[in-house]
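Survey of secondary and tertiary structure
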Amino acid sequence: MDFSLNEEQTVMVKMIRDFVKKELQSTYAHWDRTDDFPVEHWRKMGNLGLIGMNVASEEGGQGTDSVTTGLAAEEIAKGDSNMAIASFVVGELITGIIEKYGSGQAKKDWLGPIIAGKKVPALCVTEPHAGTDASAMHSRAIRKGDRYILSGEKSGITLMMSSDMGIVFAKTNPEAGARGISAFVVPTDLPGITRQSYEDIGGKCLKRGSMFMDEVEVPDEYLLGKEGEGFKIVMRGFDFSRVILALICIGAAEITLEETIKYTKERHAFNMPLAKFEGVSFPIAEHCSIIEAVRCLCYRSLWLRDQGLPHTAEAAMCKWMAPRYAVNAIRDCLLLHGHYGYTQEFPIEQRLRDIMGIEIADGTAQVSKIVITREIFGREFLPY
Ligand SMILES: Cc1cc2nc3c(=O)[nH]c(=O)nc-3n(C[C@H](O)[C@H](O)[C@H](O)COP(=O)(O)OP(=O)(O)OC[C@H]3O[C@@H](n4cnc5c(N)ncnc54)[C@H](O)[C@@H]3O)c2cc1C
């Protein structure tokens, strides 16, 4: 077992740390307050090769393995967890799907521009009445000659208000349940599309929103894979994105713990540094232990993925544990800063709001535990 970074990973981590220090950390709060998506960061991340890293180099990506992408996501999250989500969750999922299932035209129109940070994507699965039970979606896609006509509503979509395109999941055969769902590239400026934003408590710059589709026409070249393959396509991506989301939580918790260790060494009460009180240092010691353990599980899951080995249960374990324990750690760190932690002088309150959303995104803790149960007990022991 080798836990050290190779040369390429060492160089990449250093490059990202510089970027985080110079550009992301100082603007993290700004983009929260202004509620805008920082397109300039997105472009810069494209220039640095941090979007679509997994995509093969012949298709314009970096051909990076999963472990290396995880390292990048963890480091970026130390500066701005929202940009890490935009790039390593939404960006990776979308470019991975287009690379694997897109027609030549879909690739030509979208793959390069997204990887370069020139276009912003969104992944549109959830609907107002179909979240956890995603296969109960109502959106329809009906074939008409060489086009598909899409109608329905997608909700809770990250980056919706800033996106140039979405991969939209809709039913081509409603009688077939999950096997009747297909995936389409849908440019968001097409006639028949309207969008509406949410007032989320966190992840504000990611401008989550709903998309309403009223007889939106897309060319059949924008069908991804075959009709009926949509659910399989998105579920396969979740085994990756769930671990990446977990590492984003770990990165945010790590930087918060680091800051809190420094703060409690410097701040005094009763004539000594706060860090001397075990009531202060023990919670930090506990959080550091748990975060390190979950971090190891995340990298093991990504390593399994890189070996082509099953990792569905491990990914689901990471997905429920990382946001839960990161939120616990960030909350305690906030309290250890006293009143200052409760103000917007420090980034901790924003991290708490931002990371809490990851407890829901891409499947809640309950869904993760259903997946783990299915994997360890067997499908026949699910209640439905
Ligand atoms: C920050 C954030 C980002 C998101 N980004 C996207 C995106 O980019 N694209 C997208 O398509 N969607 C996105 N979503 C939507 C997200 O996928 C859904 O919110 C999530 O799947 C839960 O669905 P729901 O909100 O409809 O809750 P529901 O499905 O209504 O669930 C409500 C509660 O019931 C619990 N529950 C449901 N079924 C069971 C069960 N069988 N057993 C036990 N408990 C159960 C859930 O765990 C949850 O606590 C995002 C959400 C958030 C918060």
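Residues numbered from 1 in each chain as written. Predicted model: local features only at pLDDT ≥ 70, side-chain atom pairs only at ≥ 80, totals over all residues. Heavy atoms only, no water.

With that settled, consider the domain arrangement of the protein. By domain assignment, the protein separates into domain 1 (7-119), domain 2 (122-228) and domain 3 (231-381). The straight-line distance from the C-alpha centre of domain 2 to that of domain 3 is 30 Å. Contact residues are listed per partner, giving 14 residues for domain 2 and 6 residues for domain 3. Of all residues in domain 2, the largest losses of buried area upon contact with domain 3 belong to Thr 132, Phe 169 and Ile 201, amounting jointly to 37% of the total for that side. In this assembly, domain 2 and domain 3 are joined by 0 salt bridges. Put simply, domain 2 and domain 3 have 2 residue pairs in polar contact (both at pLDDT 80 or more) between them. (Domains from an automatic or database assignment. Contact = heavy atoms within 4.5 Å. Buried area = accessible area lost by both parts, 1.4 Å probe. Salt bridge = Lys/Arg side-chain N within 4 Å of Asp/Glu carboxyl O. Polar contact = N/O pair within 3.5 Å; in protein donor to acceptor, adjacent residues only side chain to side chain.)

What follows covers helix H3 (residues 39-47). His 41, Trp 42, Met 45 and Gly 46 are the residues of H3 that are buried. Angular distribution of buried residues about the axis of H3 spans 140°; they occupy a single face of the element. Tucked into the core, H3 has its buried residues touching helix H1 (7-24), helix H2 (28-34), helix H4 (66-79), helix H5 (81-101), helix H6 (104-115) and strand E1 (121-124). Phi turns positive one or two residues past the end of H3, at Gly 49, with a value near 75°. (Buried < 20%, exposed > 50% of the residue type's maximum accessible area, 1.4 Å probe, protein only. Helix = DSSP H or I, 4+ residues; strand = E, 2+ residues; numbered from the N terminus. Arc of directions from axis to C-beta.)

Moving on, we come to the site of the ligand. Taken together, 18 residues lie around the ligand, and Leu 123, Thr 126, Thr 132, Thr 158 and Thr 364 are the ones closest in. Here a nitrogen atom of the ligand sits 2.7 Å away from a polar atom, N or O, in the side chain of Thr 126. In the environment of the ligand, an oxygen atom lies 3.0 Å from a nitrogen or oxygen atom belonging to the side chain of Gln 366. Within the complex, 62% of the 970 Å² of free accessible area of the ligand lies under protein. Judged by the proximity of its atoms to the pocket grid, the ligand belongs to the largest pocket. Looking at the shell around the ligand, the elements with two or more residues in it are E1, strand E3 (147-157) and helix H12 (365-377). The residue makeup of the shell around the ligand, split by class, is 8 nonpolar, 8 polar and 2 charged. (Near = heavy atom within 4 Å. Areas by Shrake-Rupley, 256 points an atom, 1.4 Å probe, with all protein chains shown as cover. 1 Å grid on protein atoms, 1.4 Å probe; cavity = no way out; pocket = protein on both sides within 12 Å on 5 of 7 lines; lining within 4 Å. Sits in = over half its atoms within 2 Å of the grid points. Nonpolar A, V, L, I, M, F, W, Y, C, P; charged D, E, K, R; others polar.)

What follows deals with the packing of aromatic side chains. Ring pairs (aromatic) are described by centroid distance and by the angle formed between their planes. Going through the model one piece at a time under the given rule, you end up with 5 aromatic pairs. On the basis of an interplanar angle of 50° and a centroid distance of 6.2 Å, the ring pair of Trp 320 and Tyr 325 is categorised as tilted. The residue whose ring lies beneath Lys 369 is Trp 320, and the NZ or CZ to ring-centre distance is 4.3 Å. (Phe/Tyr/Trp six-rings, centres within 6.5 Å; stacked < 30°, edge-to-face > 60°. Lys NZ or Arg CZ within 6 Å of the ring centre and 35° of its normal.)

With that out of the way, let us pick up the packing of H3 against H5. The geometry of H3 relative to H5 is characterised by a closest axis approach of 11 Å and an angle of 50° between their N-to-C directions. In terms of their interaxial angle, H3 and H5 are classed as oblique. The two elements H3 and H5 meet at a crossing, and its hand is right-handed. Between H3, through His 41, Trp 42 and Met 45, and H5, the contact on the second element is made entirely by Met 83, Ala 86, Ser 87 and Phe 88. Class assignment of the residues belonging to the contact of H3 with H5 gives a composition of 5 nonpolar, 2 polar and no charged. (Axes fitted to C-alpha atoms, helices over the stretch in contact; angles between N-to-C directions. Parallel < 35°, antiparallel > 145°, perpendicular 65-115°, else oblique. Left-handed = near helix turned anticlockwise from the far one by under 90°.)

On to the environment of Glu 217, then. Residue placement: Glu 217 occurs in strand E7 (residues 209-219). Expressed as a C-alpha distance, the spacing of Glu 217 and Arg 147, which sit 70 residues apart in the sequence, is 6.4 Å. Setting aside anything within four residues of it in sequence, one finds Glu 217 in contact with Arg 147, Tyr 148, Ile 149 and Leu 190. Among the polar contacts listed, one links the side chain of Glu 217 to the side chain of Arg 147, at a separation of 2.9 Å.

So, on to the layout of surface pockets. Considering only enclosed or pocket space, the largest pocket measures out at about 1700 Å³ in volume. Top contributing element to the lining of the largest pocket by residue count: helix H7 (residues 230-266), with 8 residues. Across the lining of the largest pocket, the residue classes break down as 24 nonpolar, 13 polar and 13 charged. One number sums up the size of the second largest pocket: a volume of about 590 Å³. (Points joined across faces, edges and corners; volume = space filled by probe spheres on them.)

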